[in-house]
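A structural walkthrough
This is what each chain is made of:
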Amino acid sequence: MHGTYNIYFVFLSYVIAFIASYIALDLSLHLRKPSTRTFYVVWLINGAVVLGIGLWSLNFVGMLAYIMPIRMAYSLPWVGCSIVMAILVAALVFFLYSKKNPQVKDYLITGTALGITIPIITYMTIASLEDIKIQYRIGLFILSFITSVIGATLSLWCVVKSDKGSFSTRLRLKLESALIMGGTLTAIHYIGMYAAVFTPQEMEGEHLYLDPISLGISISAIVISIMLVSLVFSTDKYFLSQSLRNKSEFMETILNNMSGGVIACDAQGKITLFNRSAADLFGSLIKLKESLHELGTRFSFYKDLTNERLNLDETPLCRALNGEKISHLELNTYDSKGQKRSLLVEGQELRGGDDEKLGAVIVFNDISQAKLAEEDLKYRATHDVLTGLSNRMLLLDRLNQAIVRANRSGFNITIIFIDLDLFKIINDALGHSIGDKLLQTVAARIRALIRNSDTLARIGGDEFVIVIPDQINIDKIPLLLERILENISRPYQIEDHELNVTCSMGFSVFPDNGTDAETLLKNADAAMYQAKEKGRNTFQFYEGEMNTKVKKRLEIENGLRRALVNNEFILEYQPKLDIQTGKLVGFEALIRWKHPTQGLIPPNEFIPIAEDTGLIIPIGKWVLKTACEQNKAWQDAGIEPFCISVNLSARQSKERDLFATVKDILNETGLKPKYLELELTESLAMSNPKEFIELISQFREIGVKTSIDDFGTGYSSLNYLRQFPVNTLKIDQSFIAAIGSKKGDVSIVKAIVSLGHSLNMKIIAEGVETKEQLLLLQEHDCDEVQGYYVSPSLPVQEVPQFLKTNVKYKRRGRKKTEIKKDEV
Ligand code: C2E
Ligand code: CA
Ligand code: CA
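Model, not experiment: these values are computed from the prediction. Here the residue numbering is sequential within each chain, running from 1 through the sequence in written order. Following the order in which they are written, the chains are lettered starting with A and the ligands numbered starting with 1. Only residues with pLDDT of 70 or above have their local features reported here, since the model is predicted, and side-chain atom pairs are shown and tallied only from 80 upward, although totals for entire chains, interfaces and linings are computed over all residues. With hydrogens and water excluded, all non-hydrogen atoms of the structure serve as input to the side-chain values.

A tally of helices and strands in the protein chain yields 28 helices and 31 strands. This radius of gyration counts C-alpha atoms alone. The globule rule is 2.2 Å times how many residues there are, raised to the power 0.38. For a compact globule of 824 residues, the expected C-alpha radius of gyration is about 28 Å, and the protein chain comes in at 56 Å, more than 25% above that figure. When its C-alpha atoms are laid out on the principal axes, the protein chain stretches across 175 × 75 × 55 Å. Per-residue accessibility, obtained with a 1.4 Å probe over protein chains only, is compared with the maximum for each type, and a residue is labelled buried under 20%, exposed over 50%, and partly exposed between these values. Considering the protein chain as a whole, with its 824 residues, one finds that 49% of them fall into the buried category. When the accessible area of the protein chain is evaluated, it comes to approximately 40,500 Å², of which 57% is carbon and sulfur surface. Strands here mean DSSP runs of E at least two residues long; helices mean DSSP runs of H or I at least four residues long; both are numbered from the N terminus. Residue burial considers only the protein chains on display, and all accessible areas are found by Shrake-Rupley using a 1.4 Å probe.

Written as structure tokens, this is what we have:
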């Protein structure tokens, strides 16, 4: 049976195929980037139904286009089945086409799956015809499937191709693709129709006869309307999502082009957003979805002025999250490259429309450059540009701060005013540039002598001021002034000039010489003028209400330097006796200072100062030389030879050439080494036992005797004591004084005696003042004795007299002896 084709219906079927193809493309593109899972499912179902109906109607209308010379009846179950089939195929289309980046294998799967299923819709639709026997031409039948495979593969390619460009480009691409795809679908259908051979059959039972024309028109009208409505929704949806996307892209662009950094977190404190500036600053240190706590472990914030590290809950984002509004907060941090950055931070909590807490955001600007500029300005305002020292303003500020602290703590502050002597002459003669360099060098030399906590300022051409805060005692100030004098007067090599310059200094002390900065400075300045008047290159302290302790120390120190030249030192000699026989064994030389105005100054008052200033070295040499000379003189005068003991201070024994000095002096004076004994303190011995042993051994070798003075006070390690090759241990006075008292304890003395004896050393007790002490010492086998009970130290001219009237002993038994003092 042959029929003819209604050309309008053929065209109609193509229109349906075209619209269906367009819908397939459009929806596939949406489904390729679904915003949510629900969106995907809803649109997949919606699309599948619309496209399914489209596919089915294309086939049905296409079939109606074929007018056969019989009345047509349709089987409803078959119609239903073919519609369901079409919907399933449509779902498959979307499922396969919505893949983001299809690979070759996806093209193959799509082609095969759709290639097989699409023609089935055609054949199921044809099968809904009743009363007609249908046979198929096998060639065309197969061709329909092949066309379908090619068409399906091509249309996936169309989907991928249409997914780019602006709205109009996409529209054009989609329309073009839909024209081709619609054509392919129509072609598949008509190939299928040609493949079928229709043979009318006997009619059986009741049938549903419908007029093909009106049926075709109504189905087409319904289906096209459904498809168009759906298209309108889809396009609307497209514009909506496009505008949202545009909006968020717009916002992102703004955020990323902001010079300030933005970091936001959600209500749980997890980072939800940061912009490019923030990323530039913190680099990989900042990560999305990370908690503030984790963030806090990677980078820290510091307080602006103190640079004190902030705790986590003090960091701006945490504070903002806790509801605080942060404005103008200056902070420091370190960026991903470890560079210090100063930030100006604003921040606040984020709340939604219903006042629900959404999180917090901070916005910060990098103000490092501004800060540096500010610091530079501040530096220039408070510093002397030439030397880099503080200027008067900063000096006053520091001094005022120090006064506040000192008022609380009760400590002292010293203000030293330094003025270079005759600097103007250098400046005028050699020019300012030389003068400037000289000032810079002077500044550096002074700086090197003071502590970091002290302030050194240049307050005028050649005027410097030092502020020394928080001092417990000011005894060491003269020593510092001494060092400044010494260092400034060292020659300067500036360009090709060798320059010499000295300075005059004055100082005042808080609170004695003033309780406010101005007064203290004024008084130090006045003192400096006095120093100038005294002939320059010296120092002077403010005479107003002077600190007597400092004054005394200063006088001693100034005096000590003259004392040697002016022969103000003398030696006195204190005898040492054999405790059992009372026979003289030697004298200890003890230094005295006959001060021209202060009378006799005891060694305890000036030896420590001499040690501090280093003057002990020349003084010590003088003592050694005088004592040796004197001893030789006594021997030459026919007095029975005895040993002379000389005290060595720790500083002296640290001098490299001590041994050589002693040898030279012995040579010079002609005294035999065995008549010289050196007294070294126990604390010195223990401060560097190895060195001490070496030194003692050297002396031992040439026959000079040694003893450890003040034994028992320096916590000797017995281990070392065994190795010290000394001849004598001198029990410290304090132990002797103790045994004199009622509750006196002789056990220490006993222990020292037996220890010394076991090491082959002699034991001498010093500071013996009473008969009881002497008796006890005798009883406990001490070897020698020294002290007021025997004799105080004697001026040199009284020694011969003492030798004549020496104490006498009366022996009583083997050990127990008694001493009888005559005229001493
Ligand atoms: P030192 O070496 O322990 O000298 C013993 C000190 O005790 C001497 O005091 C002496 O006068 C005093 N003294 C002697 N017998 C008695 C006594 O029975 N009772 C009391 N309470 N004291 C007694 P001086 O002469 O004032 O010397 C004090 C310290 O000065 C010496 O202690 C010594 O360390 C040091 N010294 C003295 N002359 C020199 C010296 O030429 N060079 C060095 N480097 N230091 C010296
Ligand atoms: Ca001594
Ligand atoms: Ca002593």
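Don't stop here, the text continues.
Turning next to the environment of I413. Mapped onto the fold, I413 is located in strand β13 (residues 412-421). Exposure remark for I413: the relative accessible area of 0% places this residue in the buried category. Along the sequence, I413 and I403 sit 10 residues apart, while their C-alpha atoms lie 7.6 Å from each other. Excluding anything up to four places from it in sequence, I413 contacts L399, A402, I403, A406, V467, I468, P469, Q471, S508, V509 and F510. Residue contacts follow a heavy-atom distance rule, with two residues in contact if any of their heavy atoms lie within 4.5 Å.

Bound to the calcium ion (ligand 3) on the protein side are D709 (OD), D710 (OD), E766 (OE) and E766 (OE), at distances that span 2.2 to 2.6 Å. A donor here means any N, O or S atom no more than 2.8 Å from the metal (3.2 Å for Na, K and Ca); water is not included, so a site may seem to lack partners. Binding-site remark: the calcium ion (ligand 3) is held by donors from one chain whose sequence spacing is D-D-x55-E. The distance between the calcium ion (ligand 3) and the calcium ion (ligand 2) comes to 4.1 Å, and D709 binds to both of them. Taken together, the residues D709 in strand β25 (residues 705-711) and E766 in the loop between β27 (762-765) and α27 (771-779) connect sequence positions 57 residues apart.

Right, let's talk about the pattern of salt bridges for a bit. Within this document, salt bridges are pairs made up of a side-chain nitrogen of Lys or Arg and a carboxyl oxygen of Asp or Glu, the two lying within 4 Å of each other. Using the criterion set out here, one finds 30 salt bridges in the structure. The salt bridge partner of K730 is E766, with a shortest N-O separation of 4.0 Å. Residue K730 is found in strand β26 (residues 728-731), and its partner E766 is found in the loop between β27 and α27; the two are separated by 36 residues along the sequence. No difference in accessibility class separates K730 from E766, as the two residues are buried. Through salt bridges with shared partners, one network takes in K576, E588, E677, E679, K730 and E766.

Protein ligation of the calcium ion (ligand 2) involves E588 (OE), N647 (OD1), E679 (OE) and D709 (OD), the donor distances falling in the range 2.1 to 2.4 Å. Positions of the donor residues of the calcium ion (ligand 2), expressed as sequence spacing, correspond to E-x58-N-x31-E-x29-D. Look at E588 and you get buried, because its relative accessible area is 5%.

What follows concerns the packing of helix α4 (residues 104-127) against helix α6 (residues 167-195). Where helices are involved, their axes are fitted lines through C-alpha atoms of the stretch in contact, as for all axes, and angles between N-to-C directions lie from 0 to 180°. Two numbers describe how α4 lies on α6: the axes approach to 9 Å, and their chain directions differ by 45 degrees. Taken together, the axes of α4 and α6 are oblique relative to one another. Crossing hand, α4 versus α6: right-handed. Mapping the contact onto sequence places I118, P119, T122, Y123 and I126 in α4 and L185, I188, H189, G192, M193 and A195 in α6. Charged means Asp, Glu, Lys or Arg here, nonpolar means Ala, Val, Leu, Ile, Met, Phe, Trp, Tyr, Cys or Pro, and polar covers whatever is left, Gly included. Split into classes, the residues belonging to the contact of α4 with α6 amount to eight nonpolar, three polar and no charged. Convention used here: angles under 35 degrees read as roughly parallel, angles over 145 as roughly antiparallel, angles from 65 to 115 as roughly perpendicular, and any remaining angle as oblique. A clockwise turn of the near helix away from the far one marks a right-handed crossing, whereas an anticlockwise turn of less than a right angle marks a left-handed crossing.

Glancing now at the site of ligand 1. In these notes, residues near a molecule or strand are those with any non-hydrogen atom within 4 Å of it. Near ligand 1, the surroundings consist of 21 residues, among which Q574, R592, Q733, E769 and Y788 are the closest. Identification of polar contacts relies on pairs of N or O atoms within 3.5 Å, with a donor-acceptor requirement for protein atoms, meaning one able to donate a hydrogen and the other able to accept it, and with residues adjacent in sequence counted only if both atoms are side-chain atoms. Between ligand 1 and S649, the relevant distance is 3.4 Å, taken from a nitrogen atom to a main-chain nitrogen or oxygen of the residue. Side-chain polar atom of E766 to an oxygen atom of ligand 1: 3.5 Å apart, as the coordinates give it. Bound to the protein, ligand 1 loses 83% of the 790 Å² it would expose on its own. Among the detected pockets, ligand 1 sits in the largest pocket. Breaking the shell around ligand 1 down by element, the ones donating at least two residues are β21 (584-595), α18 (603-613) and β25. Of the residues forming the shell around ligand 1, the biggest block, four residues, is contributed by β21. When grouped by side-chain class, the residues that make up the shell around ligand 1 number seven nonpolar, eight polar and six charged. Buriedness of a pocket was judged along seven lines, with at least five required to meet protein on both sides within 12 Å; pockets are open sets of points on a 1 Å grid over the protein atoms alone, cavities are sets where a 1.4 Å probe fits but cannot get out, and lining residues have an atom within 4 Å of a point. To qualify as sitting in a cavity or pocket, a molecule needs more than half of its atoms within 2 Å of the grid points.

Along strand β15 (residues 463-471), seven of the nine residues are buried, which leaves the element largely enclosed by surrounding structure. By definition, two strands form a pair when at least two bridges between them are found by DSSP. In this structure, β13 lies alongside β15, joined through seven bridges in antiparallel fashion. Bridge assignment links I416 to a residue of β15, and that residue is I466. In terms of strand pairing, strand β14 (residues 455-460) meets β15 through five bridges, oriented antiparallel. Residue R458 lies in a different strand from β15, and its bridge partner there is F464.

Here E555 lies in helix α17 (residues 548-565). Taking the relative accessible area as the measure of exposure, E555 reaches 34% and is therefore partly exposed. Residues E555 and H780 lie 225 residues apart in sequence; the distance between their C-alpha atoms is 46 Å.

So, on to empty space enclosed by the protein. Grid points are joined across faces, edges and corners, and a volume is the space filled by probe spheres set on the points. Scanning all chains against the criterion turns up three cavities of 30 Å³ or more. By volume, the largest cavity is sized at about 160 Å³. Every residue lining the largest cavity is counted, 17 residues in all, and those nearest its centre are Y97, I118, S155, M181 and L185. Secondary-structure elements contributing two or more residues to the lining of the largest cavity are α1 (7-32), α2 (37-64), α3 (76-97), α4, α5 (138-162) and α6. For the lining of the largest cavity, a count of residues per class yields 12 nonpolar, five polar and no charged. Reported here for the second largest cavity is a volume of approximately 130 Å³. Elements that contribute at least two residues to the lining of the second largest cavity include exactly α9 (292-298) and α10 (316-321).

The antiparallel open sheet is built from six strands, whose spatial order is β8-β7-β12-β11-β10-β9. Edge positions in the sheet fall to β8 (271-274) and β9 (301-303), since each has one partner strand and no second. Neighbour-to-neighbour, the strand axes of this sheet turn through a mean angle of 35 degrees, independent of strand direction. Pairing between strand β7 (residues 261-266) and β8: three bridges, direction antiparallel. Residue pairing in the sheet places A264 in a bridge with L273 of β8. Where helix α11 (residues 368-382) meets the sheet, its contacts fall on β10 (326-334), β11 (340-351) and β12 (357-366), and the angle it forms with β11 comes to roughly 130 degrees.

In this section: the packing of α3 against α4. Relative to each other, α3 and α4 sit at 165 degrees, their axes nearing to 9 Å. It follows that α3 is roughly antiparallel to α4 by the angle criterion. The element α3 and its partner α4 pack so that their crossing is left-handed. Here W78, C81, S82, M85, A86, V89, L92, V93, L96 and Y97 of α3 come into contact with α4, specifically with I109, T110, A113, L114, T117, I118, I120, I121, M124, T125 and A127.

Moving on, we come to the sheet that holds strand β19 (residues 539-541). Strand order in the open sheet formed by five strands is β14-β15-β13-β18-β19, with mixed pairing between adjacent strands. If you trace the sheet from one side to the other, it starts and ends with β14 and β19, each paired once. In this sheet, neighbouring strand axes are inclined to one another by 20 degrees on average, regardless of whether the strands run parallel or antiparallel. Relative to β19, strand β18 (residues 502-510) runs parallel, the two being bridged by three bridges. Looking at the pairing, F507 lines up with F541 of β19.

Below, the discussion takes up the nonpolar core. By size, the foremost hydrophobic cluster in this structure holds 77 residues, and its most contacted members are L560, L676, F692, F724, L729 and L777. Sort the elements by how many residues they give to this core and helix α19 (residues 616-636) lands first, with eight residues. For F724, the residues in contact, after removing those within four places along its chain, are A685, M686, P689, F692, I693, I708 and M761. The criterion is simple. A nonpolar core is a set of buried Ala, Val, Leu, Ile, Met, Phe, Trp, Tyr and Cys residues joined through side-chain atoms within 4.5 Å.

Now for the packing of aromatic side chains. Two rings from Phe, Tyr or Trp (for Trp, the six-membered ring) form a pair when their centres sit within 6.5 Å of each other. Planes less than 30 degrees apart are called stacked, planes more than 60 degrees apart edge-to-face, and all others tilted. The tally for this structure, following the rule as stated, stands at 25 aromatic pairs. For the pair Y5 and Y66, a centre-to-centre distance of 4.9 Å together with 50 degrees between the ring planes defines the contact as tilted. Pair noted here: Y5 is in strand β1 (residues 4-5) and Y66 is in strand β2 (residues 66-67), with a separation of 61 residues, a long-range link. Judged by its relative accessible area of 10%, Y66 is buried. Following the ring pairs from residue to residue traces out a cluster consisting of Y5, Y66, Y190, Y194 and F198. Geometrically, a lysine NZ or arginine CZ counts as sitting over a ring once it is within 6 Å of the ring centre and also within 35 degrees of the ring normal. The lysine or arginine in question, R445, covers the ring of Y492, its NZ or CZ lying 3.7 Å from the ring centre.

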